[in-house]
Amino acid sequence: MAGENLEYKFALLETSPEGHIAAVDDLRTGDFFHPLTLFPAGLPPVFKPLTEEVAEKFLEHPERLGIHDFRKSQRFWDEEVDVESLYTLNVCPLNTSIEVERNPTSGELLGFYEERNDATGQHGTAKNSCSLQRAPGPPSEATRGSSTNYPFWPGGMEETAVEKILDSDSININFEADLLTCPPGFESGVEFGRVAGLGKLSDSLNISDLIHSEDNVINEWILQEKDIGNDQQDANPSEDSQPLARSASLENMLEKQQDNLGHDSSPKKLAKEVWAEEIDISKPMTEFHKIVPNMAHKYPFELDTFQKQAVICLENHQSVFVAAHTSAGKTVVAEYAIALSKKHMTRVIYTSPIKALSNQKYRDFKTTFQDVGLLTGDVQLHPEASCLIMTTEILRSMLYNGSEVIRDLEWVIFDEVHYINDSERGVVWEEVLIMLPEHCNVILLSATVPNTVEFANWVGRTKKKKIFVISTLKRPVPLEHFLYTGNSNKTSNEMFLLLDHNRKFHVTAHNKAVDAKKERMSKHQKSFGAKSGKASTPGSDKGVWLSIVERLRKKEQLPVVAFTFSRRRCDENASMLTSLDLTSSSEKSEIHTFFTKCIHKLKGTDRKLPQVTHMAGLLTRGLGVHHSGVLPILKEVVEMLFTRGLVKLLFATETFAMGVNMPARTVVFDSIRKHDGTCMRELLPGEYIQMAGRAGRRGKDTTGSVIILCKGNVPELSDLHRMMLGRPTKLESQFRLTYGMILNLHRVEELRVQDMMKRSFAEFNSRKDSKEQEVKLKELLLELEQKQDTATVIQDTDFSQYYESCVELFELRLKLQLELFLSTAGLRNLHPGRVLVINNDKYKQCIAVSLKVDTSGKSPKFLVLVMTEKEEFSAKAELHRFSPERVLLKTLFRPEMKADQDIIYVEAKDISYVTTTKIDVKADRIIDDHNKRQIPRFRDEPPGQSTCLATQQLLRLVEANPHGLPSLDPRRDFDVKRLDLVEDLLRINFLEESIQTGYTCVDNPRFKTLMTEVEEYMKIKCESKKLRYLLSDDSLYLLPEYKNSVEVLKELRYIDERETVQLKGRVACEIANHELVLTELVFENVLSPLEPEEIVALLSSTVFQQKVDSSDISMPPNLENGMKKIIDVATMIGEVQQQCGIRQPVEDFVSNLRFGLSQVVYEWAKGTSFQDITNMTEVQEGVIVRTIQRLHETCRDIRNAARVIGDPGLLQKMEKCSELIKRDIVFAASLYTQ
């Protein structure tokens, strides 16, 4: 067929094996078409468009939809009823288990003991049990735990045992009056009426009877089963079945075994608890390698004695407290514990006080042990490692949140334990030590402190395990301390040795330094006139630094660390030494290469920051600056270059002296005065020793040099002596209650905040004798039981009320005597010639006359002439001290024989009262006569005329006034105006009137005998009451504050009336700082309407700590409104605190929120470069970085809080907040972790 004869072009295709022909359009150009054969099965099918197919099948025919097809629905099967399954019960878990006691080193079997199983132990979970036997949690919570987890049971904290309940005879239950009818959480309950036909229940039932009756019931069941078996087997029905005797329990077996071993069951006097043992390191250990033949970690040097002793303790699984000077080698102990844990296939945690120290330790330990992990607020590296390094706050959080890491923990190493003295963070160390489980041993590393044994005793008593104390005052490199008064190269030789390497203090060196300073000042005054030489100027400071550095360079005493107690002064000192160059060309090249390599990790604009370029210039010349205002990555560069010896002069603040071993050849103090946040003061001995200890490199230097610059006047000799040779600061408790601690402990019913307070270091001295007090209390209660006759007398009469009134009267009189007679008016009224009444153990209501007032001692004393009698007047029948005549001071002592006199010194408490009477006496003559008769050869001479005359005058006064003389009026004559003293006077008058007429016991014919018995009984009762108080929670120092804090939490609905943690309390447990403020912001929906940039700007107020004047900062309207809302919330909380008794002023509570960086953080979240935001504030770059890093942790906490309350919107916004701020130089990775 010709193509040209066709009007339409097509092709013929064979579409099937049968030979069917199909026509297909062909748009190709060409003259001829030929039939083609495609596909053996023909053309592929062409489906209809999906929309047409759906419309045809379903929309036009809805009955075709499968929703009505019952065959695809859920099917149900009827459950087969099995009544017999109700007859079987699961076996109850055993209450006790048999445990094996072995030697932890050799594995030798030592014996068996029975231990009570935790009710929720093996079958419990992290949500309901504190037992180590509970089921593991999910892997996502393995490292840090969860705020809904229970913590593991703290070691040393006693659990309530059934045995204690059985031993208590005082627990009686009244089933008619004591049963509760309203379950927890319900507003009302059920009233149970008496069931008809039942007799009256017994008034009370002892709970121990209920528990013991369980054994009888079980025995009856056993007997019944045996009876049934015997009936089936025994052919003789007349034979009586014998009751089975109960077999001896395991407890009895153990008791017999112990008795056979020679333990005396008779009660013994309780020995005083000693939980700390100090190890003597004065003798060398020649057999160390025999004791520890295969060390877990080999060292290329011989260990010191204190290190060997510590290693032996670790090998014996004992806890140690190592106190030694800086650079003495405490890290060896930590390294050996890490090696030992790897050998035992357990885990170890190393804690440090600051994040930077954690990073440095991670680098050091990673090089040595490889299997090391790091946990900080924003970094988590290798959490599965056997050795984890973290800050103490992270470990506290893991303990409260029940981290699974705690299960395998063998050692916890606390570095820089003396940081417990920090007022803000010291409480964290105490919390961690208290919360650690029993199986965890502790290693405490500290600088030298004077009370190591006391602190170790506290730790040991808290954890119920002995702590071995190893202290050494020896320095590996001895120090020499100098005073430097030079200010130029001409005077660079003015360096005076004040304390040599033998710790001998040279006073002459201080005198020479003072003379050199005076000589220069006199020359200066001759040339330029008299000016004060105290203040230093930048020009003079530059001369001092140039001269001292040049001297040290000539003496080859570089590198040097210059401690300066001001960030601004550090920067100024480094910047002004522009002419100083301490590095060679090869060192400059090495510094430049290293610096460029480190900074290359930063963003392009961050590499050009002013601080980065300035630091590059300083480091090239061998100078460095190290303080909290420096960017973290630059601080790490400085530290690494200093370790390599390329930084020759480092200006640093006090934080450089903490932790990592970076010694120098010389240490220089710019000043010995610092500002501690409150005022300017001299350095404490501990602070000076910590920083001075950086001088001297072990293995390189024979001595280390410490130089104090005398820019102004030379420091006082006493200040220098105290600072260099004084005792370091003691370890003191900084324990305080926080809302986070209270809420975390209230989550667990078994843990009480009172138990935490009891075990704090602050309560150690008052609680350390609690065992002896318990024994003493039992003895006193036994004595009271034996005095039932006296108790009956007290019950039937008013002897006890009379006794209490008399005791109260005596106490008030003593208080008033000390206040009146030692006051200015009292001393004036007791001038010579004043008649007064003395009442003490020897002189009972004896009249006397004042001769002299001696105010030379701590407390004034009074020389008086007391009238007595020749014979021993104690032989007379005396009145009882509680008789009304004696108590009311009515009757004066009257001699029955010849009157005599004594001249003695008395104190204010010995003066019963001062009379209105004065007599004319020659006091000087009487005193001289008395002193003369003290000489042995004049001792037998009769008293002088003046003495006899005064005695006769006193005798006539007593004869004329046998029932007492009128006394001076306290308010008029002693000028008493204080309200409390006036109230005491009124109370004294009331008690005297009631004693005179208000009691019938004084008329009892056996008053003296009965009163003696009552007095003894009441003393025992008062002492037992005092011991009960000391052993109770009421004696806790922080208990009132705790009760007030609980009231605050109840008022704000964080806990309910039964102190159960509510939803707001659970949210607060997720937040690390400012728990109440941030929780209220979440629940008041203050954050949700804001943009993420605005949220982080406002939240920065909770982490920024520096005081900055923010009045001139202009913020967007939304930030202004948000700031007002936050301040209103904080004000509300502060007012609630005041209403509940917490004394913190509302203004102080609100001032903890500081908005000085809000605008900076706002711009950073919007994407502004770091260089631009640094130009918006005077706050240094390092502080900005640290604030934003802590802000990221706060955002994470609020994100977790949003997850708890189920607010997905807030959760997404907080994730966005973290994304916005986590960028560039602020979150640059640490050089130590790469």
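In what follows, the accompanying structure is described. On a predicted model such as this, the values are computed, not experimentally measured, just so you know.

## Topic: the overall build of the protein chain
Here's step 1: Assigned secondary structure in the protein chain consists of 42 helices and 30 strands.
Here's step 2: Within the protein chain, the fraction of its 1234 residues that count as buried is 46%.
Here's step 3: Within the protein chain, counting contacts between residues at least 6 apart in sequence, those at least 24 apart form 72% of the total.
Here's step 4: As presented, the protein chain carries roughly 67300 Å² of accessible surface, and 51% of it is formed by carbon and sulfur atoms.

## Overview of the pairing of strand β4 (residues 96–102)
Here's step 1: Inspection of the sheet shows β4 paired to strand β5 (residues 109–116) by 7 bridges, in the antiparallel sense. Residue Ser-97 lies in a different strand from β5, and its bridge partner there is Glu-115.
Here's step 2: What sits between the antiparallel neighbours β4 and β5 is a turn of 6 residues, in which Gly-107 has the positive phi angle 80°.

## Considerations on the sheet that holds strand β17 (residues 479–484)
Here's step 1: As summarised here, the arrangement of the 7 strands in space is β18-β17-β25-β22-β19-β21-β20, forming an open sheet in which the pairing is mixed. The two strands at the open ends of the sheet, each matched to only one other strand, are β18 (495–499) and β20 (623–626). Within this sheet the neighbouring strands show an average axis-to-axis angle of 25°, counted without direction.
Here's step 2: Bridge count between β17 and strand β25 (residues 704–709): 6 bridges; the pairing is parallel. Within β25, the residue paired with Leu-479 across the bridge is Gly-704.

## Some words on the packing of aromatic side chains
Here's step 1: Per the counting criterion, the structure on display carries 20 aromatic pairs.
Here's step 2: On the basis of an interplanar angle of 25° and a centroid distance of 4.9 Å, the ring pair of Phe-669 and Tyr-688 is categorised as stacked. Of this pair, Phe-669 sits in strand β22 (residues 666–669) while Tyr-688 is found in helix α18 (residues 685–692), placing the two residues 19 residues apart along the sequence.
Here's step 3: For the ring pair Trp-1164 and Phe-1170, a centre distance of 5.9 Å and an interplane angle of 90° mean the geometry is edge-to-face.
Here's step 4: Put simply, the rings of Phe-321, Phe-455, Trp-458, Phe-761 and Phe-764 pair up and form one aromatic cluster.
Here's step 5: Against the face of Phe-152 rests Arg-134, its NZ or CZ located 4.0 Å from the ring centre.
Here's step 6: The side chain of Lys-1064 reaches across the aromatic face of Phe-1083, ending 5.8 Å from its centre.

## Concerning the nonpolar core
Here's step 1: With 211 residues, the main nonpolar core has Phe-414, Phe-455, Leu-649, Phe-669 and Phe-1170 as its most contacted residues.
Here's step 2: At 10 residues, helix α41 (residues 1181–1205) tops the list of elements feeding residues into this core.
Here's step 3: Sequence-distant contacts of Phe-669, defined by excluding residues within four places in its chain, comprise Phe-563, Phe-565, Leu-683, Tyr-688, Met-691, Ala-692, Val-706, Ile-707, Ile-708 and Leu-709.
Here's step 4: In this structure, Ile-794, Phe-799, Ile-838 and Met-1011 belong to the second largest nonpolar core, which totals 50 residues.

## Looking at the packing of helix α35 (residues 1075–1083) against α41
Here's step 1: Contact pair α35 / α41: the axes reach a minimum separation of 11 Å and the direction vectors enclose 50°. As far as their axial angle goes, α41 and α35 are oblique. Remark: the crossing between α35 and α41 carries right-handed chirality. Contact residues: Leu-1078, Val-1082 and Phe-1083 in α35; Thr-1194, Ile-1198 and Ile-1205 in α41.
Here's step 2: For the contact of α35 with α41, the residue count by class is 5 nonpolar, 1 polar and no charged.

## Section: the sheet that holds strand β27 (residues 846–854)
Here's step 1: The 5 strands are arranged β29-β28-β27-β26-β30 in an open sheet whose pairing can be described as antiparallel. One side of each edge strand has no neighbouring strand; the edge strands of this open sheet are β29 (899–906) and β30 (911–918). Averaged over all adjacent pairs, the angle separating strand axes in this sheet is 35°, with direction ignored.
Here's step 2: Of the strand pairs in this sheet, strand β26 (residues 834–838) and β30 are connected by 4 bridges, and their pairing is antiparallel. Residue Ile-838 lies in a different strand from β30, and its bridge partner there is Ile-911.
Here's step 3: Where helix α25 (residues 799–821) meets the sheet, it contacts β28 (861–869) and β30, and its direction lies at approximately 50° from that of β30.
Here's step 4: Those strands touched by helix α28 (residues 923–932) are β27, β28 and β29, and its axis lies near 95° from that of β27.

## Description of the environment of Cys-948
Here's step 1: Counting through the fold element by element, Cys-948 comes out in helix α29 (residues 945–960).
Here's step 2: The exposure class of Cys-948 is partly exposed, given its relative accessible area of 34%.
Here's step 3: As a C-alpha pair, Cys-948 and Ile-926 span 22 residues in sequence and 9.2 Å in three-dimensional space.

The rules we used
Residues numbered from 1 in each chain as written. Predicted model: local features only at pLDDT ≥ 70, side-chain atom pairs only at ≥ 80, totals over all residues. Heavy atoms only, no water. Helix = DSSP H or I, 4+ residues; strand = E, 2+ residues; numbered from the N terminus. Buried < 20%, exposed > 50% of the residue type's maximum accessible area, 1.4 Å probe, protein only. Contact = heavy atoms within 4.5 Å. Areas by Shrake-Rupley, 256 points an atom, 1.4 Å probe, with all protein chains shown as cover. Pairing = 2+ DSSP bridges. Axes fitted to C-alpha atoms, helices over the stretch in contact; angles between N-to-C directions. Phe/Tyr/Trp six-rings, centres within 6.5 Å; stacked < 30°, edge-to-face > 60°. Lys NZ or Arg CZ within 6 Å of the ring centre and 35° of its normal. Core = buried A, V, L, I, M, F, W, Y, C linked by side-chain atoms within 4.5 Å. Parallel < 35°, antiparallel > 145°, perpendicular 65-115°, else oblique. Left-handed = near helix turned anticlockwise from the far one by under 90°. Nonpolar A, V, L, I, M, F, W, Y, C, P; charged D, E, K, R; others polar.

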